Number of protein chains: 2
Amino acid sequence: MEYEIKCSVCGQSSPSLLAFKCPSCGQPLAVQLYFDFEVGKIRRRDYTVWRYANFFPYVKEKEIITLGEGWTPLIDSGNVHFKLENLNPTGSFKDRGSTVLISTLHKLVKNAEGYISEDSSGNAGASIAAYAARAGLKAKIYVPENVSGPKFNQIQFYGAEIVKVSGGRSKVAEEAQKTEKGKFYVGHILHPLFRDGIRSLAYEIAEQLDWHVPEHVYLPVSAGTLLSGVIYGFKHLVESNVIEDMPEIVACQTRQVSPLYHSFKNLSYTPPERVTSIADALVSVNPPLLNLMVEHLREANGDAVMVEEDEIFNAFIELARKGFFVEPSSAVAYAAYKKQLKNKEASKDDKTVIILTGTGLKTMLKPN
Amino acid sequence: MEYEIKCSVCGQSSPSLLAFKCPSCGQPLAVQLYFDFEVGKIRRRDYTVWRYANFFPYVKEKEIITLGEGWTPLIDSGNVHFKLENLNPTGSFKDRGSTVLISTLHKLVKNAEGYISEDSSGNAGASIAAYAARAGLKAKIYVPENVSGPKFNQIQFYGAEIVKVSGGRSKVAEEAQKTEKGKFYVGHILHPLFRDGIRSLAYEIAEQLDWHVPEHVYLPVSAGTLLSGVIYGFKHLVESNVIEDMPEIVACQTRQVSPLYHSFKNLSYTPPERVTSIADALVSVNPPLLNLMVEHLREANGDAVMVEEDEIFNAFIELARKGFFVEPSSAVAYAAYKKQLKNKEASKDDKTVIILTGTGLKTMLKPN
């Protein structure tokens, strides 16, 4: 057996690639790998996520749906390397999850004369809509009633069917998950294959640094797909003896949306009534995978940092003025790095990777 | 001598990498190469424009300014391959010109305690602003007085100084070129090194197809930087015996902005009073390089096609529904291909590349 999809809580195995929760206890599923990463098995002439196709054994090669995602630039700026995930096909790292998820499922769903459903009016919704379009698969994207902006426009241009839901974010998720004829829920937060696709990002960072992994990796955290995917990827490389040690993973959050930071530091967290942060892609005040995230971060000897609005804005502007026009949510990771430098909790001499997760071209901010 | 920068009209050689017009007659300059392209000299571990660094002999390796441009995906859709130039760092193919231009000039300009100037409120302005930012070089971008929209926002986020000019597009160019202390004009249409950077796109298409070049390449044309750069790149490969024949280059224009189409077909062209096409990046009703473009296109046995607004819009939507969210101006090339298919002037059996030049994330169009 090369892999298994198992419940992260009760350990029950799930036989279906379509399942998004444990058939026994309803808790989140996760992919377990039972093979080593081998550098020799990289498909060297492929410059997408699929150069690592051999490490995603549940995807059939002929069924791969790609828009050219992955193999994004890693750009030096002194000892800091910026990983430009904003340059993915739909403008965010989510494309790694979508390409793996949709490649795995599209034939199964079509054979069942079905369609997929997802709840997101943001980067994940746009990404899943794009890959569904590329696969010729019908997608219904569930969004809050009063949504607007560039990401929502993007979802619609890809031709996804929009379902507006009133009554708050959890109601939107509920509607998207509700059983209906032909509907397959592929929600990016819960579906284990979406999260598993993010693993490719860790492989890529390691390969681009010639398998000399950085000492620290800073990344923004909301619902935790990026965090879990990256940790799992690096862990797989360590267990496969491809790299010696895990990098320290630094989970970066805004003060407003900081459940992981608080839980990790054993502090209590009260979310604001309304999230107003300029880091508007980071909205999970009550992430369903929180326990899993804390566990992963502890296991990985990681750290968590919380930043303020002015720190995010300044980091966003500073990045743009270095030539990296990313969304404010991406700037959270750079803001956290700068904060730690200032507090002497980080050092310029350490090899550090900062993951820039999404493009500035979708921001609603205006200059000046 | 490996290369020479020569006047495209009088043949006069220009000794300066900074010059944007012939020192004798004021006509456009162009780079002449006196060496062969050799596959063995590709820098195989570099996945940017700079894998072809050895074919840009005027750029010093240590002075390269990169944001990870180039090596964009070439995605199959049957016999058609879409070249996703929209996935460049600032969202368009212009980054190929900017990386070559700014890498060549930034030290020279800084040593003269100078700054660069450019006239563009669109993709080129955003691209030059980004590379100037990355190089720590001051940029003044001259724009029409009443400009707005995502591209203009992007220019400002990169920190360029904006100079608003009243009195029409030619007045903007004039002001940008006006001699001022420390000012170096690097206008993307006129500067030969910007155009020369686009050459990398032809190399890349050929390499990604294992040096079996396509039979046809469709691309949108406005001021002609893309057209000239791509033709020159393929010509270089033919002269170097790396490929046997040039692909047929098909220059695609909107009815409103079709000076090349008309001139190429020996028809007279009257520009509209105001350009209102949804292909809003294609605005050169009176391109300064028109004669050069016609000459290049004839030499290359190319063709020209003109498309209507409804054809562009339909192509734009069709591309998005395949997962390629590009700007309407990019859809002009796909619209032209579809038109030729319909008129039996093109065949689905021919290997065809369609260059998608810019991202849909900058469009001002709204869904529905």
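Residues numbered from 1 in each chain as written. Chains lettered and ligands numbered in written order. Predicted model: local features only at pLDDT ≥ 70, side-chain atom pairs only at ≥ 80, totals over all residues. Heavy atoms only, no water.

Engineer: Would you explain the overall build of chain A in this entry?
Structural biologist: Within chain A, the secondary structure is distributed over 11 helices and 12 strands. Taking 368 residues into account, the globule formula puts the C-alpha radius of gyration at 21 Å, and chain A, at 19 Å, falls close to it. Dimensions of chain A, computed from the C-alpha atoms along their principal axes, are close to 55 × 50 × 40 Å. Counting the 368 residues in chain A, one finds 63% classified as buried. Put simply, 70% of the contacts in chain A that link residues at least 6 apart link residues at least 24 apart. Carbon and sulfur atoms provide 46% of the accessible area of chain A, an area that totals close to 14100 Å². Of the charged side chains in chain A, 41 are positive and 42 negative; the average position of the first set lies 5 Å away from that of the second. (Helix = DSSP H or I, 4+ residues; strand = E, 2+ residues; numbered from the N terminus. Rg over C-alpha atoms; globule rule 2.2 N^0.38 Å. Buried < 20%, exposed > 50% of the residue type's maximum accessible area, 1.4 Å probe, protein only. Contact = heavy atoms within 4.5 Å. Areas by Shrake-Rupley, 256 points an atom, 1.4 Å probe, with all protein chains shown as cover. Lys, Arg positive; Asp, Glu negative; His and termini not counted. Charge placed at Lys NZ, Arg CZ, Asp CG, Glu CD.)

Engineer: Honestly, the relation of the copies chain A and chain B in this entry has me stumped. Any pointers?
Structural biologist: Note on the identical chains: chain A maps onto chain B by a rotation of 180° and an axial translation of 0.0 Å, with an RMSD of 0.0 Å. In symmetry terms, the pair is related by a two-fold rotation axis. In this assembly the copies share their binding face: 100% of the residues contributing to the interface of chain A also contribute to that of chain B. (Least-squares fit on C-alpha atoms with pLDDT ≥ 70 in both.)

Engineer: I tried to follow the pattern of salt bridges on my own but got confused; where do I start?
Structural biologist: Across all of its chains, the model carries 44 salt bridges over all chains by this definition. In this structure, B:R169 and B:D119 form a salt bridge, with 3.1 Å as the shortest nitrogen-oxygen distance. Of the two residues, B:R169 is situated in helix 4 (residues 169-177) and B:D119 in strand 5 (residues 115-119); the sequence distance between them amounts to 50 residues. We classify B:D119 as buried; its relative accessible area is 4%. Close ionic contact of B:E308 with B:R255 constitutes a salt bridge, the shortest N to O distance being 2.9 Å. Residue B:E308 is located in the loop between strand 11 (303-307) and helix 10 (309-320), and its partner B:R255 is located in the loop between strand 10 (248-254) and helix 8 (259-264); the two are separated by 53 residues in the primary sequence. Since its relative accessible area comes to 23%, B:E308 is described here as partly exposed. Classification of B:R255 by relative accessible area gives partly exposed; the value is 45%. Three or more residues joined by partner-sharing salt bridges are found here, namely A:K83, A:E85, A:R96 and A:E204. (Salt bridge = Lys/Arg side-chain N within 4 Å of Asp/Glu carboxyl O.)

Engineer: Can you help me understand the interface of chain A and chain B in this one?
Structural biologist: Interface size is often expressed as the accessible area that is lost when the parts come together. Listed by partner, the interface residues are 41 residues for chain A and 41 residues for chain B. For the pair chain A and chain B, the summed buried surface comes to about 3300 Å²; carbon and sulfur atoms form 63% of the total. In terms of surface lost to chain B, no three residues of chain A exceed A:F157, A:L361 and A:P367, which account for 22% of the buried area on that side. The interface formed by chain A and chain B includes two salt bridges. Here B:D210 and A:R45 are joined by a salt bridge, their closest N and O atoms 2.8 Å apart. (Buried area = accessible area lost by both parts, 1.4 Å probe.)

Engineer: What should I look at first to understand empty space enclosed by the protein in this one?
Structural biologist: Unoccupied space between atoms shows up once a probe the size of one water molecule is rolled over them. Applying the stated criterion across every chain yields a total of two cavities of 30 Å³ or more. By volume, the largest cavity is sized at about 250 Å³. In this structure, the largest cavity is lined by 27 residues; those nearest its centre are A:N88, A:P89, B:N86, B:L87 and B:T359. Taken together, A:L84, A:N86, A:L87, A:G323, A:F324, A:F325, B:L67 and B:P89 make up the full set of residues lining the second largest cavity. Taken together, the residues of the lining of the second largest cavity sort by class into six nonpolar, two polar and no charged. (1 Å grid on protein atoms, 1.4 Å probe; cavity = no way out; pocket = protein on both sides within 12 Å on 5 of 7 lines; lining within 4 Å. Points joined across faces, edges and corners; volume = space filled by probe spheres on them. Nonpolar A, V, L, I, M, F, W, Y, C, P; charged D, E, K, R; others polar.)

Engineer: Hey, could you run me through the environment of A:L292 in this one?
Structural biologist: The residue A:L292 is located in helix 9 (residues 290-299) in this model. C-alpha separation for the pair A:L292 and A:S8, spaced 284 residues apart in sequence, amounts to 7.8 Å.

Engineer: How do you make sense of the nonpolar core when you look at a structure like this?
Structural biologist: Nonpolar side chains in soluble globular proteins generally cluster together in the buried interior. Counting 257 residues, the largest nonpolar core has A:L227, A:F234, B:L227 and B:F234 as its most contacted members. The residues touching A:L227, leaving out its near neighbours within four places in the chain, are A:L219, A:V221, A:I249, A:A251, A:L260, A:M293 and A:L297. (Core = buried A, V, L, I, M, F, W, Y, C linked by side-chain atoms within 4.5 Å.)

Engineer: Honestly, the side chain of A:E69 in this entry has me stumped. Any pointers?
Structural biologist: Residue and element names in this part refer to chain A. Structurally, the position occupied by E69 is in the loop between strand 2 (29-33) and strand 3 (74-77). The charged side chain of E69 is buried without a salt bridge, its nearest counter-charge being R134 at 7.8 Å. A polar contact of 3.4 Å, which involves the side chain of E69, links it to the side chain of T99. Ignoring any residue separated from it by four or fewer positions in sequence, one finds E69 in contact with T48, V49, W50, N88, P89, D95, T99 and Y131. (Polar contact = N/O pair within 3.5 Å; in protein donor to acceptor, adjacent residues only side chain to side chain.)

Engineer: What's the story with the environment of A:K83 in this structure? I'm lost.
Structural biologist: All names here are of chain A. Of note, K83 is situated in strand 4 (residues 80-84). Take K83: its relative accessible area is 0%, and that puts it in the buried class. Separated by 131 residues in the primary sequence, K83 and P214 have C-alpha atoms spaced 12 Å apart. Contacts of K83, omitting those with residues within four sequence positions, involve T72, P73, L74, R96, L201, E204, I205, Q208, V353, I354, I355 and L356. At 2.6 Å, the side chain of K83 forms a polar contact with the side chain of E204.

Engineer: Would you take a moment to explain the sheet that holds strand 10 of chain B for this structure?
Structural biologist: Two orientations exist for strands paired in a sheet by backbone hydrogen bonds: parallel and antiparallel. Residue and element names in this part refer to chain B. Read from one edge of the open sheet, six strands run 3-4-12-9-10-11, paired in mixed fashion. The outermost strands of the open sheet, each flanked by one partner alone, are strand 3 (74-77) and strand 11. This sheet shows a mean twist of 25° between the axes of neighbouring strands, independent of strand direction. With five bridges connecting them, strand 10 and strand 11 associate as parallel partners. Residue pairing for strand 11: V250 is matched across the bridge by D303. (Pairing = 2+ DSSP bridges. Axes fitted to C-alpha atoms, helices over the stretch in contact; angles between N-to-C directions.)

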